[in-house]
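Remarks on the overall topology
These are the residues of each chain, in order.
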Amino acid sequence: MKLFITQKSYFFMHKFFLDIYENETCKILYVSEKKRGFYRKIKEILNEFGFLNFFVIIVYEIIHFFLLFRRVRFLKSEKVHDYQLNEKIKTMLSENNFDSVYSVGCPTKIDSNLQKSFGIIFYNLHGGILPRQTGRFSPLKALRNKEQQLGATLHKISDNFDAGEIIEQDSFEPILSSKLYNYLRVLKLSAKILKNHLEGEDGNNSYG
């Protein structure tokens, strides 16, 4: 069984990844952000995407809520606040026979020592080309820096952010200046990388 640690955004985290989450060998842990706070989170999104894109994101989130809610509510899932995340992971790993853990848009740092404690690999799916495109909103930062490639990376979690061993990586050339369009292309590529990895691990067992 695999544990996916993510956040409950119907537009970003379910639109592309729901087929993966619905696999019978998966369980989901939703992390709600409390450390940053709601208003700081909104301010960051506005600063990165701009007002028009922010409005579009809200509309898309509402639309995808109605499109996906019935499917999402049947997922095997649990919830936790970000400041309680590592304790919650410990509890879930103690109570379940997980063979690997995947951070997919998790908004807070996972304690890398948990890998050693439980003897399983923790992966992070990062929306950027590592090692140069690190951190939150890395595709948007790359566009601001006029980089010629965007992409996504699956890597092992380490003590430092976005610094673990790279498992799989792919990239593309941005073809439009739209921040939201290119951000969604990164998410779509991220989901493809994750599906390919999971199918390879499980002997081509279907993940969507």
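Here, the structure is the one placed above.
As the structure is a prediction and not an experimental result, all values here were calculated from the model. (Residues numbered from 1 in each chain as written. Predicted model: local features only at pLDDT ≥ 70, side-chain atom pairs only at ≥ 80, totals over all residues. Heavy atoms only, no water.)

1. As for unusual backbone geometry
Peptide bonds are mostly trans, and most non-glycine residues show a negative phi. Here the bond from Leu130 into Pro131 is cis, since omega is 10 degrees, no more than 30 degrees from zero. Mapped onto the secondary structure, Pro131 falls in the loop between strand E5 (121–126) and helix H7 (138–144). The phi dihedral of Lys146 falls on the positive side, at around 60 degrees, and the residue is not glycine. On the secondary structure map, Lys146 appears in the loop between H7 and strand E6 (150–156). Owing to a relative accessible area of 65%, Lys146 belongs among the exposed residues under this scheme. Of note, Asp162 is a non-glycine position whose phi angle comes to about 55 degrees, a positive value. The topology assignment puts Asp162 in the loop between E6 and strand E7 (166–172). Its relative accessible area of 14% is what places Asp162 among the buried residues. (Helix = DSSP H or I, 4+ residues; strand = E, 2+ residues; numbered from the N terminus. Buried < 20%, exposed > 50% of the residue type's maximum accessible area, 1.4 Å probe, protein only.)

2. Re the side chain of Lys2
Note on placement: Lys2 falls in strand E1 (residues 2–6). Excluding residues within four positions of it along the chain, Lys2 makes contact with Thr25, Cys26, Lys27, Phe98, Asp99, Ser100, Tyr102, Leu198, Glu201, Asp202 and Tyr207. (Contact = heavy atoms within 4.5 Å.)

3. Concerning the nonpolar core
Grouped together as the largest cluster of nonpolar side chains are 42 residues, with contacts concentrated most on Phe4, Phe12, Phe17, Val104 and Leu194. Top contributing element to this core by residue count: helix H8 (residues 179–201), with ten residues. Core analysis: the next-biggest nonpolar cluster, separate from the first, contains 17 residues, Leu93, Val101, Ile120 and Ile157 among them. (Core = buried A, V, L, I, M, F, W, Y, C linked by side-chain atoms within 4.5 Å.)

4. Comments concerning the side chain of Lys195
Following the sequence through the fold, Lys195 ends up in helix H8. Asp19 is the oppositely charged side chain nearest to the buried, salt-bridge-free Lys195, at an N-O distance of 4.2 Å. (Lys, Arg positive; Asp, Glu negative; His and termini not counted. Salt bridge = Lys/Arg side-chain N within 4 Å of Asp/Glu carboxyl O.)

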